[in-house]
Amino acid sequence: MTEHPEPTSTTDDAPAPRRRGRPSRKAASEGPDARTRILEAARTEFAERGYDKTSIRGIAKAAGVDAALVHHYFGTKDEVFAAAVEVTFEPALVLPAVLGGDPDGLGERLARFFLSVWEDPGTRTPLLAILRSAVTHEAAANVLRDFVLRRLLERVAAELDVPDPTLRAELAASHMLGIAMLRYVVRAEPLASAAPEDIVAMVAPTLQRYLGEV
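We now turn to the structure provided with this report. (Residues numbered from 1 in each chain as written. Predicted model: local features only at pLDDT ≥ 70, side-chain atom pairs only at ≥ 80, totals over all residues. Heavy atoms only, no water.)

1. Concerning the overall build of the chain
Each helix and strand counted, the chain has 11 helices and zero strands in total. Counting from the amino terminus, helix and strand elements in the chain follow one another as α-α-α-α-α-α-α-α-α-α-α. Out of the 214 residues belonging to the chain, those deemed buried represent 39%. For the chain, restricting intrachain contacts to residue pairs at least 6 apart in sequence, the fraction spanning at least 24 positions comes to 67%. Surface exposure of the chain reaches about 13000 Å², of which carbon and sulfur atoms provide 54%. (Helix = DSSP H or I, 4+ residues; strand = E, 2+ residues; numbered from the N terminus. Buried < 20%, exposed > 50% of the residue type's maximum accessible area, 1.4 Å probe, protein only. Contact = heavy atoms within 4.5 Å. Areas by Shrake-Rupley, 256 points an atom, 1.4 Å probe, with all protein chains shown as cover.)

2. Considerations on the nonpolar core
Ile 38, Phe 46, Val 65, Val 80, Phe 81 and Trp 118 are the most contacted members of the largest nonpolar core, which has 61 residues in total. Ranked by the residues each element gives to this core, the list is headed by helix α9 (residues 138-158), at 11 residues. Among all residues touching Phe 81, those that are not within four sequence positions of it are Phe 46, Tyr 51, Ile 130, Ser 133, Ala 140 and Val 143. (Core = buried A, V, L, I, M, F, W, Y, C linked by side-chain atoms within 4.5 Å.)

3. Observations concerning the pattern of salt bridges
A complete count under the given rule lists five salt bridges for this structure. One salt bridge connects Arg 43 with Glu 40, and the closest N-O pair in it is separated by 4.0 Å. Linking Arg 43 with Glu 40, this pair stays in helix α2 (residues 31-53), spanning three residues, or about one helical turn. Overall, Glu 40 belongs to the partly exposed group, its relative accessible area being 42%. The closest approach of N and O atoms between Arg 183 and Glu 119, which form a salt bridge, is 2.9 Å. Note that Arg 183 is positioned in helix α10 (residues 165-186) and Glu 119 in helix α7 (residues 106-119), a separation of 64 residues in sequence. According to the relative accessible area criterion, Arg 183 is buried, its value standing at 4%. Linked through salt bridges whose partners overlap, the residues forming this network are Glu 108, Arg 112 and Glu 197. (Salt bridge = Lys/Arg side-chain N within 4 Å of Asp/Glu carboxyl O.)

4. Some details on unusual backbone geometry
Look at the link from Glu 189 to Pro 190: it is a cis peptide, with omega at 10°. Here Pro 190 shows up in the loop between α10 and α11 (196-212). Its identity as a non-glycine residue notwithstanding, Asp 164 has a phi of 50°, on the positive side. Position of Asp 164 relative to the elements: it lies in the loop between α9 and α10. Despite not being glycine, Arg 187 shows a phi value in the positive range, around 55°. With respect to the helices and strands, Arg 187 occurs in the loop between α10 and α11. A residue is classified by how much of its surface remains accessible, and Arg 187, at 51% relative accessible area, is exposed.

Structure (structure tokens):
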């Protein structure tokens, strides 16, 4: 009598298909670490590839997670971009120190903080990507505009005891962003090679006039 081997099951042994748009249990259990990796990967991807060529799938691959986990934490690419902008600036940590203290030194503190962020190679690279992306892509410009207006300038304006605080905060921001564009993107000389302290000394009185004079 010939024995016939039992048929093997292809259903019970196969992994269940993953539902699209939801992270796996393993991915979800890696919460904070995974989220941090996603943000770091997003900063790198946007810095190296620019806004247009960066994708959720590419960010997920660089972070070593499923793309569904990126959507789970951040939603769209615009929202990932916004989170990458915020983690670069960290306004909640910085603004109290800049806005606190002697009101007469606000312009100098703001100028020194702004240049220190750009002079640090660790933060300059993602900032360059953010600035370039905003210049060339409307969606990136909207994200940066929303961040600058709502997360930075509104907080600055709320602390100013001067007429037209929002307009003054926007003028100060336009001045600093113009310096960033010429010094770090266009690299116009002699501004590109000027010592940071020399720039602070020349820019601080203008920022102080915007933010502190009634």
